[in-house]
Amino acid sequence: MGKGSSGVYASRPDREEKKSIKEQISESIFEDITTGIYPPGTVLNEGTLMEKYGASKSPVREALVELCNEGVLTNIPRFGYQVVPITPGQFRDMQELRLIIEESALRRTVPFITDDQLAELEENVRAGAYLAEEKDVLKHWRHNMSFHLLLCKQCQNLYLYKTLVGILRFFSRGALQYYTNSWEKSKRTDTTSHERILEALRARDTETAVALLRKDIACMEEEIIRP
């Protein structure tokens, strides 16, 4: 196959089996959307993608249909498949759902969190600190999301975790669409908010941990939707 994805953040991390050609193409297209190769409004067509991936029409079309079903693309008959932009209203609605999911997971986690789970979160925070000198917006975005996924995973509720995976997959589509302008203004690279959440978890302080989590998540709306 031609150029493929190195792994779309928050795409389907729970699936480890070998991916079909359709899945590989779908994830590669999604990756190209999140990295800005295909910005909102771009029209893709089957012929070009068949040539790019060295694949037949069937898996290419199936991949495009899958992305249409997900709301990433829209089919324009006799023209192609257009990359759908994310509106501020959609961001706000998904932000509300994200808060509900993450707060619920955190409240389940705090009273029963283990030393091993705390150590895993601490390792994630340390890894984020090493990115401080990096200029790659997407790399910082993805690491930030990895902390929130790991935090949710600690509650041991697979359904909450999978729901958050889908939510963050949605947000990853708009990361560059909205986040780059905010990045240029604020240059937020530190992991202070994550460190403070970790401190509250060590203290088994549920309300402080929840308040810090909500503040951390709210930064997205403050910086992306209301830059």
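Our structure is the block above this text.
All values derive from a computational prediction rather than experimental measurement.

What counts as what
Each chain has its residues counted from 1, running along the sequence as written. Selection of residues for local features in this predicted model requires a pLDDT of at least 70, selection of side-chain atom pairs for listing and counting requires 80 or more, and totals for whole chains, interfaces and linings are taken over all residues. Only hydrogens and water are set aside when side-chain values are computed; all heavy atoms of the structure are taken into account. If DSSP finds at least two bridges between two strands, the strands pair. Numbering goes from the N terminus for both helices and strands, where a helix is a DSSP run of H or I of at least four residues and a strand is a run of E of at least two. A pair of Phe, Tyr and Trp rings is counted when the ring centres sit within 6.5 Å of each other, with Trp represented by its six-membered ring. The angle between the planes then sorts it: under 30 degrees is stacked, over 60 is edge-to-face, the rest tilted. Residue burial is assigned from relative accessible area. The probe radius is 1.4 Å, only protein chains are included, and a residue is buried under 20% of its type maximum, exposed over 50%, and partly exposed in between. Contact criterion: two residues are considered in contact whenever any of their non-hydrogen atoms come within 4.5 Å of each other. All axes are obtained by fitting lines to C-alpha atoms, using only the stretch in contact for helices, and the reported angles, taken between N-to-C directions, cover 0 to 180 degrees. Crossing handedness: left-handed means the near helix sits turned counterclockwise from the far one by under a right angle, and right-handed means the same turn made clockwise. For this scheme, ten residues count as nonpolar: Ala, Val, Leu, Ile, Met, Phe, Trp, Tyr, Cys and Pro. Four count as charged, namely Asp, Glu, Lys and Arg, and the remainder, Gly too, count as polar. Patch building starts from residues that exceed 30% relative accessible area and form no salt bridge, then joins like charges within 9 Å and nonpolar side chains (Val, Leu, Ile, Met, Phe, Trp, Tyr) within 5 Å. Each accessible area is a Shrake-Rupley estimate made with a 1.4 Å probe; only the visible protein chains count as cover when residues are assessed. Salt bridge, as used here: a side-chain nitrogen of Lys or Arg that lies within 4 Å of a carboxyl oxygen of Asp or Glu. In this tally Asp and Glu are treated as negative and Lys and Arg as positive; neither His nor the chain ends contributes. Here the site of a charge means atom NZ of a Lys, CZ of an Arg, CG of an Asp or CD of a Glu.

A. Structural context of the pairing of strand β3 (residues 80-83). Two strands pair when backbone bridges link them, and strand β1 (residues 43-44) and β3 are joined in this way by two bridges, in the antiparallel orientation. Among the inter-strand pairings, Val-43 is bridged to a residue of β3, identified as Gln-82. With four bridges connecting them, strand β2 (residues 73-76) and β3 associate as antiparallel partners. Counterpart to Leu-73 in the pairing with β3 is Val-83. Hairpin connection between β2 and β3: a loop of three residues separates the two successive antiparallel strands, and Arg-78 in this loop has a positive phi of roughly 60°.

B. Layout of the packing of aromatic side chains. Enumeration over the complete set of coordinates arrives at three aromatic pairs. Between Phe-91 and Phe-170, the aromatic rings sit 6.2 Å apart at their centres with planes inclined by 65°, giving edge-to-face as the arrangement. Taken together, the residues Phe-91 in helix α4 (residues 88-109) and Phe-170 in helix α7 (residues 158-186) connect sequence positions 79 residues apart. When sorted by exposure, Phe-91 lands in the same class as Phe-170, which is buried.

C. Layout of the sheet that holds β2. Ordered by their spatial adjacency, three strands build an open sheet running β1-β3-β2, and the pairing between neighbours is antiparallel. Each edge of the open sheet carries a strand with a single partner, namely β1 and β2. Contacts from helix α3 (residues 57-69) reach β2 and β3, with the element oriented near 115° to β2.

D. Focus on the packing of helix α2 (residues 46-53) against α3. Where α2 contacts α3, the axes come no closer than 9 Å and their chain directions differ by 115°. Here α2 and α3 pass one another in a crossing that is right-handed. Where α2 approaches α3, its residues Glu-46, Leu-49 and Met-50 are matched on the opposing element by Lys-57, Val-60, Arg-61 and Leu-64. Partitioning the contact of α2 with α3 into residue classes produces four nonpolar, no polar and three charged.

E. Broad picture of a negative patch on the surface. A cluster of acidic residues, Asp-115, Asp-116, Glu-120 and Glu-123, forms a negative patch on the protein surface. Along the chain, Glu-120 turns up in helix α5 (residues 115-129).

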